[in-house]
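# Geometric and topological summary
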Amino acid sequence: MKQIVMTGPRTSEIRQVDIPKITEDQVLVKVKYTGMCHSEFYPWTVAEPGQIFGHETMGYVAEVGRNVKGFSVGDRVTGLGGGGYKEYIVMEPDKMMHIPNNIKDEDAIVEPLGCLMSVGSRMMPNLLGDSIAVVGTGYMGLGMISMFKAMGYSEIVGIDLREEARENALKFGATKVLHPDELEPEFYLDWKNWESPDLTRDGHKSDIFHLGFPNVMEFAGTPEALNLAGGLACAHGRVGIGGFHNDTLRTVDFKLWNMKALEMINCHERRIMFETELCHRALDLISKGIWKFTGLTNHIYTMEEFDKAQYDMENHTNNFIKGAVKCDE
């Protein structure tokens, strides 16, 4: 079978490798699509020879271990693990799920949907009708905007540098979109408008609870976005971190964050079985039409185009939102 293998930074090749063998407790899946995750973009830029990527897969059951129940050859499936940009993967049945009939293949790549569900579980509105700002309206940011709308947030402000990304945010439920340069002073609580922070407990000159947003979600994965998100939170506000910050260390004005008494929430999930349950629920919500998040995978590539796909993701070529590599050609 074919597999994408890195030959060095930003370069890969297709290699022929053996189809993996399964045990009596595993399932062999013929991969149709492997989704492109931005968390792997920086590792791709510094990759070492022999390194492999890919963890967002969907496909069809090709072989079932003797002890496996609930899956049959030909079933359309997705799930966690197995991974890799290759034609066949081994999956564990307790981390797999059937795809509802009314969800298209390219919308059923479930791993990022589980990640978005993780954010939702941590960033529920305190009251119906709360407001929230979403910094970064790429694929994951759009997913959260559409989910926040379903969760009961009334004012959802999408913030992004790119005009096309802001237009996408409006389509998925943002009530307002802004370029960072368009943010008015009252959207921030920072040293410029706080006036004199008061530690005497006699009150504040500024209305620190109505400057900025009570809820801010960061999904850009850049130092600038992280600092912006912190600046947008009001006193005792919440900042959810959903962007994947895996390239360099981050420096924030923690003196400001500390003074605000804000709550910083790391929205990533590392409990595999909990994330599996989130994946099940994501497919169920989308299938029932409660979470309206489909049609975002707008760039499909061959395995030979893997490096081009990374460049397109980096440069947001042709309104790049979500890419997937087709592995069953």
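### A word on the overall build of the protein chain
- Along the backbone of the protein chain there are eight helices and 15 strands.
- Over its C-alpha atoms the protein chain spans a radius of gyration of 21 Å, differing by no more than 12% from the 20 Å that the globule rule assigns to 329 residues.
- Within the protein chain, the fraction of its 329 residues that count as buried is 53%.
- When contacts within the protein chain are restricted to residue pairs at least 6 apart in sequence, long-range pairs at least 24 apart make up 69% of them.
- Roughly 15200 Å² of accessible area belongs to the protein chain as shown, and the carbon and sulfur atoms make up 52% of that amount.
- The positive charge centre, built from 33 side chains, and the negative charge centre, built from 47, are 3 Å apart in the protein chain.

### Let's talk about the pairing of strand S15 (residues 322-326)
- Buried residues dominate S15, accounting for four of its five residues.
- One ladder, built from five bridges, connects strand S14 (residues 297-302) with S15; its direction is parallel. If you follow threonine 297 over to S15, its bridge partner there is lysine 322.
- In the classification by handedness, the crossover that spans S14, the intervening helix H8 (residues 306-315) and the parallel S15 is right-handed.

### Points about the nonpolar core
- Within the largest apolar cluster, 43 residues are counted, with the highest numbers of intra-cluster contacts made by Leu113, Met123, Phe148, Met217, Trp291 and Phe293.
- Every element with two or more residues in this core is listed here: helix H2 (111-122), strand S8 (131-135), helix H3 (139-151) and helix H7 (272-287).
- With seven residues, H3 is the largest single contributor of residues to this core.
- Discounting chain neighbours no more than four positions away, the residues touching methionine 217 are Val119, Met123, Ile132, Ala133, Val134, Val135, Phe148, Gly240, Ile241, Gly242 and Cys267.

### Describing the pattern of salt bridges
- Applying the stated criterion to the full structure yields 15 salt bridges.
- Residue aspartate 312 pairs with lysine 308 through a salt bridge whose shortest N-O separation is 2.8 Å. Taken together, the residues span about one helical turn, with aspartate 312 and lysine 308 both in helix H8 at a distance of four residues.
- The exposure class assigned to aspartate 312 is buried, which follows from its relative accessible area of 8%.
- The exposure class assigned to lysine 308 is partly exposed, which follows from its relative accessible area of 44%.
- One salt bridge connects aspartate 328 with lysine 326, and the closest N-O pair in it is separated by 2.6 Å.
- We classify aspartate 328 as partly exposed; its relative accessible area is 25%.
- By relative accessible area, lysine 326 is classed as partly exposed at 21%.
- Three or more residues joined by partner-sharing salt bridges are found here, namely Lys32, Arg76 and Asp105.

### Side note on the packing of aromatic side chains
- According to the stated counting rule, one finds nine aromatic pairs in the structure shown.
- Residues tyrosine 139 and phenylalanine 293 carry aromatic rings whose centres are separated by 5.2 Å and whose planes lie at 45° to one another, so their mutual orientation is tilted. With tyrosine 139 in helix H3 and phenylalanine 293 in the loop between H7 and S14, the pair connects residues that are 154 residues apart, well separated along the chain. In this structure, tyrosine 139 and phenylalanine 293 share a single accessibility class: buried.

### Focus on helix H5 (residues 223-232)
- Extensive coverage of H5 is indicated by the burial of seven of its 10 residues.
- Buried within H5 are the following residues: Ala225, Leu226, Leu228, Ala229, Gly230, Gly231 and Leu232.
- Buried residues along H5 sit in contact with S8, strand S9 (155-159), strand S11 (213-218), strand S12 (233-241) and helix H6 (254-260).

### What about the packing of H2 against H7?
- For the pair H2 and H7, the least separation of the axes is 8 Å and the interaxial angle reads 100°. Overall, the two elements H2 and H7 adopt an arrangement that is roughly perpendicular. Only Glu275, Leu278, Cys279, Arg281, Ala282, Leu283, Leu285 and Ile286 of H7 make contact with H2, whose side of the interface consists of Glu111, Leu113, Gly114, Cys115, Met117 and Ser118.
- Residues that form the contact of H2 with H7 fall into these classes: nine nonpolar, two polar and three charged.

Definitions and cut-offs
- Residues numbered from 1 in each chain as written.
- Predicted model: local features only at pLDDT ≥ 70, side-chain atom pairs only at ≥ 80, totals over all residues.
- Heavy atoms only, no water.
- Helix = DSSP H or I, 4+ residues; strand = E, 2+ residues; numbered from the N terminus.
- Rg over C-alpha atoms; globule rule 2.2 N^0.38 Å.
- Buried < 20%, exposed > 50% of the residue type's maximum accessible area, 1.4 Å probe, protein only.
- Contact = heavy atoms within 4.5 Å.
- Areas by Shrake-Rupley, 256 points an atom, 1.4 Å probe, with all protein chains shown as cover.
- Lys, Arg positive; Asp, Glu negative; His and termini not counted.
- Charge placed at Lys NZ, Arg CZ, Asp CG, Glu CD.
- Pairing = 2+ DSSP bridges.
- Right-handed = clockwise from strand over helix to strand, strands pointing away.
- Core = buried A, V, L, I, M, F, W, Y, C linked by side-chain atoms within 4.5 Å.
- Salt bridge = Lys/Arg side-chain N within 4 Å of Asp/Glu carboxyl O.
- Phe/Tyr/Trp six-rings, centres within 6.5 Å; stacked < 30°, edge-to-face > 60°.
- Axes fitted to C-alpha atoms, helices over the stretch in contact; angles between N-to-C directions.
- Parallel < 35°, antiparallel > 145°, perpendicular 65-115°, else oblique.
- Nonpolar A, V, L, I, M, F, W, Y, C, P; charged D, E, K, R; others polar.

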